[in-house]
Amino acid sequence: MILKRKDLLGLEELAAEEILGILDVAEQFRAIFDRPVRKVPIMRGRTVVNLFFEPSTRTRISFELAEKRLSADIVNFSASTSSLKKGETLRDTAENIAAMRVDMIIMRHSSPGSAHYLSRVLDCSVINAGDGAHEHPTQGLLDLMTMRQRLGDLRGRRVTIVGDIAHSRVARSNIWGLTKLGAHVTVCGPPTMMPADVRRLGTKVETDLRRAVADADVLNILRVQLERQARSVFSSNREYHRMFGITEDIVRLLKPECFIMHPGPMNRDVEISSEVADGPRQVILEQVTNGVAVRMAVIYLLSGGDPGSLRGGADA
Ligand code: CP
């Protein structure tokens with residue numbers, strides 16, 4: 001069994017073998033996307049609830065597509081039209097949904113630790129779709145999948161993560177996943193966007209962008225979280241772009257094979273110039289495609305799916 005657990009809450013708690021096992025299964029699901037019918041019947045009769053308390057485009061639609069491609073029954077929860085508006089707590093809301101006999105809850109919430117909390121109070125599986133600035137494990141997995149497709153084994157590879165590390169759940173999940181798979185991670189950004197404990201996570205810290213990108217195999221560019229605290233941690237978007245934006249001038253410093261990732265949504269011409277965002281080095285939409293496959297794999301494995309039964313095709 002690849003995932004001997006009820007929930008996926010973060011990459012911090014996964015072993016390298018579990019991460020690699022998920023990525024292998026995701027590759028099998030990715031293969032069906034090129035067929036005329038992109039759907040398999042393996043989750044028929046299972047019910048999944050998507051509980052999103054924060055805005056999302058990619059993650060919400062990607063989970064919904066993953067569930068549909070696995071033939072699960074799905075329910076989408078809308079916080080704005082729910083009884084949360086009448087003062088109901090997260091726990092009561094989730095327990096009432098679980099009491100309707102659902103198999104799995106996918107949750108995005110602004111509070112770090114909210115997915116861990118839900119996993120303790122519910123018997124059904126919980127997948128963390130992003131909890132505040134803590135973790136975004138399926139984003140981390142889809143990033144690893146995209147890197148592995150291009151680089152193969154990630155041991156010894158150099159990944160530079162640029163931007164607002166302190167507020168980024170994507171950075172944390174990437175750092176946990178990459179270091180477990182043996183990659184070297186450098187983080188780069190303004191000192192005001194660097195968490196105090198970042199070295200403890202096994203990363204190198206570099207405040208000079210040009211030095212940080214010079215030997216990278218991959219650049220992963222983070223969104224500046226304008227809605228959180230950006231205005232207090234650097235003087236202007238223009239200033240940020242000048243100091244830490246990935247522009248054609250920066251791309252000229254990269255190794256020829258280095259490619260550029262971004263989890264989205266992008267702030268064009270803040271953390272990344274439009275030329276680079278649309279240029280030949282970026283793999284941003286490959287990441288999005290892989291996201292559906294990774295989420296199919298996680299849902300399937302947490303539901304007790306047997307990867308052995310997928311050999312010979314994901315619809316076996
Ligand atoms: N990458 C990501 O989590 O995007 P969304 O916020 O659109 O889901």
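Please read all numbers here as calculations on a predicted model, not as lab measurements.

The rules behind each value
- Residues numbered from 1 in each chain as written.
- Predicted model: local features only at pLDDT ≥ 70, side-chain atom pairs only at ≥ 80, totals over all residues.
- Heavy atoms only, no water.
- Pairing = 2+ DSSP bridges.
- Helix = DSSP H or I, 4+ residues; strand = E, 2+ residues; numbered from the N terminus.
- Axes fitted to C-alpha atoms, helices over the stretch in contact; angles between N-to-C directions.
- Contact = heavy atoms within 4.5 Å.
- Buried < 20%, exposed > 50% of the residue type's maximum accessible area, 1.4 Å probe, protein only.
- Arc of directions from axis to C-beta.
- Near = heavy atom within 4 Å.
- Polar contact = N/O pair within 3.5 Å; in protein donor to acceptor, adjacent residues only side chain to side chain.
- Areas by Shrake-Rupley, 256 points an atom, 1.4 Å probe, with all protein chains shown as cover.
- 1 Å grid on protein atoms, 1.4 Å probe; cavity = no way out; pocket = protein on both sides within 12 Å on 5 of 7 lines; lining within 4 Å.
- Sits in = over half its atoms within 2 Å of the grid points.

**Q** Summarise the sheet that holds strand E2 (residues 73-78); cite the residues concerned and give the values.
**A** One open sheet accounts for four strands, arranged E2-E1-E3-E4; its pairing is parallel. Of all the strands in the sheet, just E2 and strand E4 (125-131) have a single pairing partner and so form its edges. If you compare each strand with its neighbour and ignore which way they point, the axes differ by 15° on average. Across five bridges, the pairing between strand E3 (residues 104-109) and E4 is parallel. Bridged to Met 107 within E4 is Asn 128. Taken strand by strand, helix H12 (residues 284-302) contacts E3 and E4, and its axis lies near 150° from that of E4.

**Q** Any chance you could break down the sheet that holds strand E6 (residues 184-188) for me, citing the residues and the numbers?
**A** Strand-to-strand pairing in sheets goes through backbone hydrogen bonds, with the strands running parallel or antiparallel. Strand order in the open sheet formed by five strands is E7-E6-E5-E8-E9, with parallel pairing between adjacent strands. Unpaired on one side and paired on the other, strand E7 (204-206) and strand E9 (259-261) mark the two borders of the sheet. Here the strands of the sheet are splayed against their neighbours by 25° on average, with no regard to which way each runs. Sheet topology note: the E6/E7 ladder contains three bridges and is parallel. Bridge pairing in E7 links Thr 186 to Lys 204.

**Q** Explain helix H9 (residues 237-244) to me, and be specific about the residues and the numbers.
**A** Looking at H9, one finds that the buried residues are Tyr 240, His 241 and Phe 244. Projected down its long axis, H9 shows its buried positions confined to an angular sector of 100°, all on one face. Residues of H9 that are exposed and point over 90 degrees away from its buried face: Arg 238 and Arg 242. Where the residues of H9 are buried, they touch strand E5 (158-162), E6 and helix H7 (209-213).

**Q** Could you give me a rundown of the site of the ligand, with the residues and numbers involved?
**A** Looking at the ligand, the residues that line it are Ser 56, Thr 57, Arg 58, Thr 59, Arg 108, His 136, Gln 139, Pro 263 and Gly 264. At 2.9 Å from an oxygen atom of the ligand is found a side-chain nitrogen or oxygen belonging to His 136. Gly 264 is positioned such that a nitrogen or oxygen atom in its backbone is 3.2 Å from a nitrogen atom of the ligand. For the ligand, the accessible surface in isolation is 260 Å², of which the surrounding protein chains cover 91%. Cavity membership is defined here by more than half of the atoms lying within 2 Å of grid points; on that basis the ligand lies in the largest pocket.

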